[in-house]
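The residues making up each chain are set out below.
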Amino acid sequence: MANRTPLMAGNWKMNLDHIEAIATVQKLAWTLTDAKHDFEDAEAVVLVPFTDLRSVQTLVDGDKLGVKYGAQDVSKHKSGAYTGEISVSMLAKLGVAYCAVGHSERREYHGETDALVNDKVRALAAEGITAIVCVGEPLEIRKAGNHVPFTVDSLKGSLANLSPAELAHVVVAYEPVWAIGTGEVATPEDAQEVIGAIREALAKMYGPEVAATTRVLYGGSVKSSNVAEIMAKPDIDGALVGGASLDPQEFAKIVRFKDHIV
Ligand code: 13P
């Protein structure tokens, strides 16, 4: 993990309304602050539905909580006639620190391409919001043994032509589609294979320093029972957690992955 600060990001997807969000973030923050150093050992982030953001902001600011929060998607456009979309500046006004981009569910159900992801990464970086850029292969590609080149290609397209300042606002998340919400976790070795290749690709694209400092997360059926072995791999810097992040006790255990190292 070198000197990279571990990052545990809970992607709530389309779950928990703003009332439920307040209770969930409160429980998470109280659980984590019970023990010392939790927020130094790992960044704890929740990626919530847009309608929850204002409530979560008020809570986190008002109670000075250590939990960070973010969004699950954003428009590439600055403003204008884009019905239903949310702009980067709207997120910035809400104190958003992170935003997921190119999640496989966005790619699958909304036709998002690497080029669009690239535009969104730039738009976010311009306002100081860090993009969590998701890449990962579907089952057919894995079965054919092409998961590394497929994922690296998607990474190259998603992160094409970024400046050093933009790269400073990038986190990568490797999420094999077949492991999302299925209970089917990639083995730590599977995850390390692809994440190691992602780091090598970053070195080729942007040099060894960017490769050494950019955080790369694993996502797909992460739970408190498997997070420690995943985090033990040298290139894995954290997790993007779906289902298990909806339960604040369980997510707190994931943030405290160091407790489970045997
Ligand atoms: P699960 O943890 O529910 O498999 O979801 C992973 C995911 O898609 C996080 O973005």
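Above this note sits the structure.
Report on the accompanying structure. Predicted model only: the values in this text are computed from it and were never measured.

**Describing the overall build of the protein chain**
When its secondary structure is counted, the protein chain shows 13 helices and 8 strands. Since a compact globule built from 262 residues should have a radius of gyration of about 18 Å, the 17 Å found for the protein chain is in line with a globular shape. The principal-axis extents of the C-alpha atoms in the protein chain amount to approximately 55 × 45 × 35 Å. Relative to its 262 residues, the protein chain shows a buried fraction of 52%. Restricting to contacts in the protein chain with at least 6 residues of sequence separation, those with at least 24 account for 74%. When the accessible surface of the protein chain is summed, it comes to about 11700 Å², and 54% of that surface belongs to carbon and sulfur atoms. With 25 positive and 35 negative side-chain charges, the protein chain shows a separation of 3 Å between the mean positions of the two kinds.

**A word on the nonpolar core**
In this structure, Met 8, Val 25, Val 46, Ile 198 and Tyr 218 are the most contacted members of the largest nonpolar core, which totals 69 residues. Setting aside residues up to four positions removed in sequence, Val 25 forms contacts with Trp 12, Val 46, Val 56, Leu 59, Val 60, Leu 65 and Val 67.

**Topic: the pairing of strand E4 (residues 98-101)**
Burial along E4 is two-sided: Tyr 98 and Ala 100 and Cys 99 and Val 101, pointing in opposite directions, are all buried. Once the chain exits strand E3 (residues 68-71) it traverses helix H4 (residues 88-93) before rejoining the sheet at E4, and the crossover so formed is right-handed. By the bridge criterion, 4 bridges tie E4 to strand E5 (residues 130-135) in an arrangement that is parallel. When the bridges of E5 are listed, Val 101 appears paired with Val 133.

**What about the pattern of salt bridges?**
Here the structure, examined in full by the defined rule, presents 17 salt bridges. Between Asp 114 and Arg 107 there is a salt bridge, with its nearest N and O atoms 2.6 Å apart. Notably, a salt bridge pairs Lys 120 with Glu 112, separated by 2.8 Å at the nearest N-O pair. Of the two residues examined, Lys 120 and Glu 112, each falls in the buried class.

**A look at the site of the ligand**
In the neighbourhood of the ligand, 13 residues make up the surrounding shell, with Lys 13, His 103, Gly 181, Ser 221 and Gly 243 lying closest. At 2.8 Å, a side-chain N or O of Lys 13 approaches an oxygen atom of the ligand. For the ligand, an oxygen atom lies 2.9 Å from a polar atom in the backbone of Gly 242. Protein burial of the ligand: of its 310 Å² of free accessible surface, 94% is covered by the chains. When its residues are assigned to classes, the shell around the ligand shows 4 nonpolar, 7 polar and 2 charged.

**With respect to the packing of helix H8 (residues 147-158) against helix H10 (residues 188-206)**
As a packed pair, H8 and H10 sit with axes 10 Å apart at the nearest point and diverge in direction by 40°. Viewed along their axes, H8 and H10 adopt a mutual orientation that is oblique. In terms of crossing hand, the pair formed by H8 and H10 is right-handed. Contacts from His 147, Val 148, Thr 151, Val 152, Leu 155 and Lys 156 of H8 reach H10 at Glu 193, Val 194, Ala 197, Ile 198, Ala 201, Leu 202 and Met 205. Classifying every residue of the contact of H8 with H10 gives 9 nonpolar, 2 polar and 2 charged.

Each value, and the rule that gives it
- Residues numbered from 1 in each chain as written.
- Predicted model: local features only at pLDDT ≥ 70, side-chain atom pairs only at ≥ 80, totals over all residues.
- Heavy atoms only, no water.
- Helix = DSSP H or I, 4+ residues; strand = E, 2+ residues; numbered from the N terminus.
- Rg over C-alpha atoms; globule rule 2.2 N^0.38 Å.
- Buried < 20%, exposed > 50% of the residue type's maximum accessible area, 1.4 Å probe, protein only.
- Contact = heavy atoms within 4.5 Å.
- Areas by Shrake-Rupley, 256 points an atom, 1.4 Å probe, with all protein chains shown as cover.
- Lys, Arg positive; Asp, Glu negative; His and termini not counted.
- Charge placed at Lys NZ, Arg CZ, Asp CG, Glu CD.
- Core = buried A, V, L, I, M, F, W, Y, C linked by side-chain atoms within 4.5 Å.
- Right-handed = clockwise from strand over helix to strand, strands pointing away.
- Pairing = 2+ DSSP bridges.
- Salt bridge = Lys/Arg side-chain N within 4 Å of Asp/Glu carboxyl O.
- Near = heavy atom within 4 Å.
- Polar contact = N/O pair within 3.5 Å; in protein donor to acceptor, adjacent residues only side chain to side chain.
- Nonpolar A, V, L, I, M, F, W, Y, C, P; charged D, E, K, R; others polar.
- Axes fitted to C-alpha atoms, helices over the stretch in contact; angles between N-to-C directions.
- Parallel < 35°, antiparallel > 145°, perpendicular 65-115°, else oblique.
- Left-handed = near helix turned anticlockwise from the far one by under 90°.

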